Amino acid sequence: MSKSSRGRPRRFLEVRKPIPRSQALISALGIWVLFFGIWVLASALGLVNELLVPAPQQVFASIIDLFARGFVSDVGISIGRVVIAFAMASAVAVPLGVMMGTFPAIEAIFAPFVSAWRYLPAPSFIPILLMWFGTGEAPKLALLFLGVIFFLITLVMDHTKNVRKELIETALTLGANRKVTVFNVVLPAVLPDVVVAMRQMLAVTWTYLVIAEIVASTTGIGAMMMRARRFLKTDEILAGIIVIGALGLLFDMLFAALHRWLFPYLREKR
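The name recorded for the protein chain in an unreviewed UniProt entry is ABC transporter permease, from Acidimangrovimonas pyrenivorans. Reading the Sequence similarities (unreviewed entry) entry of the UniProt record for the protein chain gives the comment "Belongs to the binding-protein-dependent transport system permease family." UniProt annotates the protein chain under Subcellular location (unreviewed entry) with the comment "Cell membrane".

Structural notes on the packing of aromatic side chains
Following the criterion strictly, the structure yields 14 aromatic pairs and no others. Between Trp206 and Phe251 the ring centres are 5.5 Å apart and the planes differ by 55°, which places this aromatic pair in the tilted class. Highlighted residues: Trp206 in helix α8 (residues 178–207) and Phe251 in helix α11 (residues 234–262), separated in sequence by 45 residues. Its relative accessible area of 5% is what places Trp206 among the buried residues. The ring of Phe231 carries the charged tip of Lys233 above its face, separated from the ring centre by 6.0 Å.

Here we look at unusual backbone geometry
Of note, Leu232 is a non-glycine position whose phi angle comes to about 55°, a positive value. Tracing the backbone through its elements, the reader meets Leu232 in the loop between α10 (221–230) and α11.

With respect to the nonpolar core
Formed by 44 residues in total, the largest nonpolar core has its most connected members in Trp206 and Ile221. Those residues in contact with Ile221, other than ones at most four positions away along the chain, are Phe71, Asp74, Val75, Ser78, Glu213, Gly240, Val243, Ile244 and Leu247. Membership of the second largest hydrophobic core comes to 11 residues, among which are Ala85, Ala142, Tyr208 and Ala212.

Observations regarding the side chain of Glu236
Tracing the backbone shows Glu236 in helix α11. Glu236 has contacts with Ser62, Leu66, Arg69, Met224 and Ala228, leaving out every residue within four places of it along the chain.

Conventions adopted
Residues numbered from 1 in each chain as written. Predicted model: local features only at pLDDT ≥ 70, side-chain atom pairs only at ≥ 80, totals over all residues. Heavy atoms only, no water. UniProt positions renumbered as here; feature names shortened; annotations may be inferred. Phe/Tyr/Trp six-rings, centres within 6.5 Å; stacked < 30°, edge-to-face > 60°. Helix = DSSP H or I, 4+ residues; strand = E, 2+ residues; numbered from the N terminus. Buried < 20%, exposed > 50% of the residue type's maximum accessible area, 1.4 Å probe, protein only. Lys NZ or Arg CZ within 6 Å of the ring centre and 35° of its normal. Core = buried A, V, L, I, M, F, W, Y, C linked by side-chain atoms within 4.5 Å. Contact = heavy atoms within 4.5 Å.

Below, the structure written as structure tokens:
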């Protein structure tokens, strides 16, 4: 058994203590093995209705079959919608959030508006988005945009407010103007947290994807799932859910890698 720095045996639960990479890997794989093991066992013992909860092997066979029938185009369309909508939301939310967190006068203007919109469920806009934009790509992108932008603005603003006041005061004391203070002090200090906030909110964008694609859509993962529902193909519905989860995990890992690449000094500090 490994020892801690004080010579005591390492316990399984340690408060804010890093664990070995091998333990992290075993834990990450173990929870999935347990999940699918219970699923396989429940299906084999007849504890679940096969029509409503098909066996995992049937679901994964459906994934292979879907891709063999051209599902890759639907996946590509869904990825494009998420990336475009999230990029548009970030282009607005990041600079506005930084400005709101830096200048109380700007926060006083936008904070009441942003706070109110955060509590409005994005799916409630579907009818009016369809009336405004029709049934093309615009309402889908608009729904994904609305689902993430106001939360992202708030997160970026809060992170900007947490930039150490001493850094700003030092820059102003040395004669920096507002532009230099924002771009040379505030922005570099908050950027690592902004990337983390974007990573978190990208997950929210994926959660709205199916909602955006079930209304007046014939392409995308959500549209495929709605077609499968009409024919009671639960295995294909679950296949779509698994594909969305896998894509979300892939994008999360890419954002984590981007964070490590952009800010290697943060990893060195740990």
